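Breakdown of the fold
Next come the chains, spelled out residue by residue.
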Amino acid sequence: MPEHTVVHEAQNVVAREPPHHFFKSQPRPGHVKDAEQYMKMYKQSIEDPSGFFGPMAREHLHWDRPFTQVRAGSLQHGDSAWFLNGELNASYNCVDRHAFANPSKPALICEADDESENRVITFGELLRQVSEVAGVLKSWGVKKGDTVAVYLPMIAEAVVAMLAVARLGAIHSVIFAGFSAGSLKERVVDAGCKVVITCDEGRRGGKTVHTKKIVDEGLAGVDLVSKILVYQRTGSAGIPMKPGRDYWWHEESAKHGGYLPPTPVNSEDPLFLLYTSGSTGSPKGVVHTTAGYLLGAALTTKYVFDIHPEDVLFTAGDVGWITGHTYALYGPLALGTASIIFESTPAYPDYGRYWRIIERHKATHFYVAPTAMRLIKRVGEAEIAKYDTSSLRVLGSVGEPISPDLWEWYHEKVGNKNCVICDTMWQTESGSHLIAPLAGAVNTKPGSATVPFFGINACLIDPVSGEELKGNDVEGVLAVKDSWPSMARSVWNNHSRYIETYLKPYPGYYFTGDGAGRDHDGYYWIRGRVDDVVNVSGHRLSTAEIEAALVEHDGVSESAVVGITDELTGQAVIAFVSLKDGYLQDNASAGDVAHITPDNLRRELILQVRGEIGPFASPKSVVVVNDLPKTRSGKIMRRVLRKVASNEADQLGDMSTLANADCVPSIISAVETQFLAQKKK
Ligand code: WT7
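Residue numbering note: each chain is counted from 1, following its sequence as written. Residue-level local features of this predicted model are given only where pLDDT is at least 70; pairs of side-chain atoms are given and counted only at 80 or more, and the full residue set underlies all totals for whole chains, interfaces and linings. Just so you know, side-chain values use all the structure's heavy atoms and leave hydrogens and water out.

Named according to an unreviewed UniProt entry, the protein chain is Acetyl-coenzyme A synthetase originating from Lachancea lanzarotensis. UniProt positions are given in the numbering used here, feature names are shortened, and annotations may be inferred rather than shown by experiment. Quoted straight from UniProt, the Sequence similarities (unreviewed entry) entry for the protein chain says "Belongs to the ATP-dependent AMP-binding enzyme family."

Here you go:
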């Protein structure tokens, strides 16, 4: 078990009722009346998934051809499928049907980096833009089953691009715009994308991001990519455009006006790939299918957040991650609900930004990662009261555990004690919420993600015996016993890796990778990852990938990366490296240019990770050591490093399996001088 983020005493609380205000602004009952109705629906969803999800799928999605069977396959065989033989189109479901019914209704409320550039895109306008871009892609030969990479910041055009790809029955692979050129290339090549959609430059926090330049660098020599569509975001002069490969979005779209009919696809045809990090190897292209994913997105948005037609949802996440896919795009748009698309940061131009957005657009729902709230709590709390945020009904939390303290702070300072807090536990692979309260119906407890969503047969397993833990007041790893509609179906081009990672660890179950407890009321408390995955500011990072980036450096012989608890970012990355024999000495005597001191080597290594993966993966500190602690079989004992970096060298535990225990004292002193001493400064 990892260090527990939530203290167990927190579990001894009585579940809270929703505040009265919640029902004033949204008359009772919401979509689900109370806990009893939740229980009844949940029970049916587990005992009779076909009877539950069949009618739900018919009610919430438009089908070009009805499905003939609700569910098939098994977790044992890794061949789960939903809504068999049905046909539909995600773009039609998210755009056309709402545009036909209500063309002037806002779809995307765009908050630009610079607030004077804000704009609103209605469903009618969205349909026009999606049709045009789909027309461009079609003219380039993009068709059903092709993969298209999208490397764009959090702007409306990212949503337009994704929906345009989906309109043709093609598969989008969004690459977070914070990824480096090398990471972009790795993902484009793995997914076999012949077309990339990007922009000239991005704007974030008043700074310019050279997006197209990064694309050019990443794709130099990648012949696979034959066409790049470039949206003009800043219009700066001198953006290099390669003739025959690079085309301007506005010029090409102008050639493809008019309605382009969507291409219906099979329920199980992939809608998108999204790369995510695991504990080993290269990033995995998680595959989500059209019908099941879209239904999961729509149902969780509707029932967990208790969304109604006139609501305005502000998901403060990026479309480069799953939160943006599901709760900024597919969930709200499938329901015809307005979604706020936020390009900037909570600190720009000042810490009042989130609250101004909520006031300006009368947002009813705000959905954010605890890390952003920790930042606001520390430096921007005074800003909140300056704005009228009384339109808010639901405050969501996502990506990492929220501590009971922060939960209370969120409830009081942001929600004015008038909102329901929805702590939502889920993953890239789950597609939509796994464990989350239905706002207004399920009582909440600070620090608990509460209860499973419809169709999620959640359970805890004893990691030692592999047995399922029955009853309440138990602690184990979180797993799911049956497939659910929005479960990832595969890893792109590597189905066996999908089975190995998620289905093999506990046969018959889907393994989440998280440790969790279930309290006396059956509420779940997520403890954090049990594998070598670090969660920094709600971003999933693989220690193995960061280690691989570090050993790319000339001087590094071996590296080991651990996550430690961090006040601001939840977890922080600490990297340990041992150097090649004589590296510092050789370079110190090699003359001015190559003169490397330990300090600038550490800086170089941080830059190395930023360059190989992206700035968000930067280690908080790099510690140069003589040797890494290893078992007799040569396995690095990260537990020892984690304890030392957490300033808990007095609790190292059993070290009898270490082959080189004598290196530990020097690691302790290296951490003391290179990391802890700096922290104190
Ligand atoms: C991992 C998934 C879900 C979208 C953003 C992250 C952790 C997520 C919670 C929560 C405690 C959480 C888990 C999970 N996690 N939400 N509410 N409480 N932990 O998606 O990058 O796929 O990461 O994030 O450890 O496995 P992701």
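**Observations concerning the site of the ligand**
Whether a residue is near a molecule or strand is decided by its heavy atoms; if any one of them lies within 4 Å of it, the residue is near. Lining the immediate surroundings of the ligand are 17 residues, of which Asp423, Thr424, Thr428, Asp514 and Arg540 lie closest. Pairing of N or O atoms within 3.5 Å defines a polar contact, subject to two protein rules: one partner must be a possible hydrogen donor and the other a possible acceptor, and residues neighboring in sequence count only if both atoms are side-chain atoms. Interatomic distance of 3.3 Å between a backbone N/O atom of glutamate 400 and a nitrogen atom of the ligand. Interatomic distance of 2.7 Å between a side-chain N/O atom of arginine 540 and an oxygen atom of the ligand. Here the accessible surface of atoms and residues is derived via Shrake-Rupley with a 1.4 Å probe, and residues count as covered only by protein chains that are part of the display. With the chains in place, 95% of the 550 Å² that the ligand exposes on its own is no longer accessible. Runs of H or I in DSSP of at least four residues are treated as helices and runs of E of at least two as strands, each being numbered from the N terminus. For the shell around the ligand, the secondary-structure elements that each account for two or more residues are helix H11 (322–335), strand E20 (420–424) and strand E26 (524–529). Gly is put with the polar residues, along with every residue not named as nonpolar or charged; the nonpolar set is Ala, Val, Leu, Ile, Met, Phe, Trp, Tyr, Cys and Pro, and the charged set is Asp, Glu, Lys and Arg. Per-class residue counts for the shell around the ligand are six nonpolar, six polar and five charged.

**Re the sheet that holds strand E14 (residues 270–276)**
On the basis of which strands lie adjacent, the open sheet formed by eight strands has the order E12-E11-E8-E6-E7-E14-E15-E24 and mixed pairing. The open sheet has two edge strands, strand E12 (246–248) and strand E24 (490–491), and neither has a second partner. Any two residues having at least one pair of non-hydrogen atoms within 4.5 Å are treated as being in contact. Orientation is described by axes fitted as lines to C-alpha atoms, over the contacting stretch for helices, and by angles from 0 to 180 degrees between their N-to-C directions. In the packing of helix H7 (residues 181–191) onto the sheet, the strands contacted are strand E6 (147–150), strand E8 (195–199) and E14, and the crossing angle to E14 comes to about 145°. Across the sheet, H11 lies against strand E7 (171–174), E14 and strand E15 (284–289), angled at about 145° from E14, the strand it touches most. We treat two strands as partners when DSSP finds at least two bridges between them.

**Side note on the confidence of the model for the protein chain**
Put simply, the protein chain has an average pLDDT of 94, and 97% of its residues get 70 or more. As a per-residue quantity, pLDDT reports the predictor's confidence and falls between 0 and 100. The model gives residues 1–6 a pLDDT under 50, and that stretch makes 20 contacts with residues more than four places away or in other chains.

**Overview of the side chain of histidine 365**
As for its placement among the helices and strands, histidine 365 is situated in strand E18 (residues 365–368). Relative accessible area decides the class of each residue, using a 1.4 Å probe on protein chains only: under 20% of the type maximum gives buried, over 50% gives exposed, and in between gives partly exposed. Judged by relative accessible area, histidine 365 falls into the buried class, the value being 1%. A polar contact is formed between the side chain of histidine 365 and the backbone oxygen of phenylalanine 305, at a distance of 2.6 Å. Setting aside chain neighbours within four positions, we find histidine 365 in contact with Phe305, Asp306, Ile307, Asp311, Val312, Leu313, Phe314, Leu392, Arg393 and Val394.

**Some thoughts on the packing of helix H16 (residues 543–551) against helix H18 (residues 598–612)**
Interhelical geometry of H16 versus H18 gives an angle of 120° and a closest axis separation of 9 Å. Compared by their axis directions, H16 and H18 come out oblique. Like other packed secondary-structure pairs, H16 and H18 cross with a definite hand, here right-handed. The segment H16 lies against H18, with Ile546, Ala549 and Leu550 engaging Leu605, Gln608, Val609 and Glu612. Classifying every residue of the contact of H16 with H18 gives five nonpolar, one polar and one charged. Convention used here: angles under 35 degrees read as roughly parallel, angles over 145 as roughly antiparallel, angles from 65 to 115 as roughly perpendicular, and any remaining angle as oblique. Handedness of a helix crossing follows the sense of rotation of the near helix relative to the far helix, less than a right angle counterclockwise being left-handed and clockwise being right-handed.

**Concerning the UniProt feature "domain: Acetyl-coenzyme A synthetase N-terminal" (unreviewed entry) in the protein chain**
Per the UniProt entry, the sites bearing "domain: Acetyl-coenzyme A synthetase N-terminal" (unreviewed entry) are residues 38–94 in this numbering. For residues 38–94, helix accounts for 47% and strand for 18%, while the C-alpha atoms at its two ends are 27 Å apart.

**Here's the deal with helix H3 (residues 49–60)**
For H3, spanning twelve residues, the distance from its first C-alpha to its last is 16 Å, which sits close to the expected 16 Å at 1.5 Å a residue. Among all positions in H3, only Pro49, Phe52, Phe53, Gly54, Met56, Ala57 and His60 are buried. Expected helix span is computed as 1.5 Å times (number of residues minus one).

**Details of the side chain of asparagine 660**
Along the chain, asparagine 660 turns up in the loop between helix H19 (638–645) and helix H20 (664–680). The class of asparagine 660 is buried, set by a relative accessible area of 13%. Looking at asparagine 660, its side chain comes within polar contact range of the side chain of aspartate 627, at 3.2 Å. Only 2.9 Å separates the side chain of asparagine 660 from the backbone oxygen of leucine 628, close enough to count as a polar contact. Not counting the four nearest positions on each side in its chain, asparagine 660 is found in contact with Asp627, Leu628, Pro629 and Lys630.

**A look at unusual backbone geometry**
For the bond from tyrosine 348 to proline 349, the omega torsion is -5°, close enough to zero to count as cis. Relative to the helices and strands, proline 349 resides in the loop between strand E17 (338–342) and helix H12 (353–361). One non-glycine residue, aspartate 306, lies in the positive phi region at around 50°. Among the structural elements, aspartate 306 can be located in the loop between helix H10 (290–304) and strand E16 (312–315).

**Focus: the nonpolar core**
What is meant by a nonpolar core is a set of buried Ala, Val, Leu, Ile, Met, Phe, Trp, Tyr and Cys residues, joined one to another through side-chain atoms within 4.5 Å. Membership of the largest hydrophobic core comes to 125 residues, with the highest contact counts inside it found for Tyr330 and Phe454. Once residues within four sequence positions are removed from consideration, phenylalanine 454 is found in contact with Val32, Tyr38, Met41, Tyr42, Ser45, Phe52, Phe53, Tyr303 and Leu438.

**Description of the pairing of strand E23 (residues 474–480)**
Burial analysis of E23 places six of its seven residues in the buried class, which makes it a mostly covered element. The pairing of strand E21 (residues 458–461) with E23 spans four bridges and is classified as antiparallel. Residue alanine 458 lies in a different strand from E23, and its bridge partner there is valine 480. The sheet contact formed by E23 and strand E25 (residues 510–518) spans six bridges and is antiparallel. By the bridge assignment, alanine 479 is partnered in E25 with phenylalanine 511.

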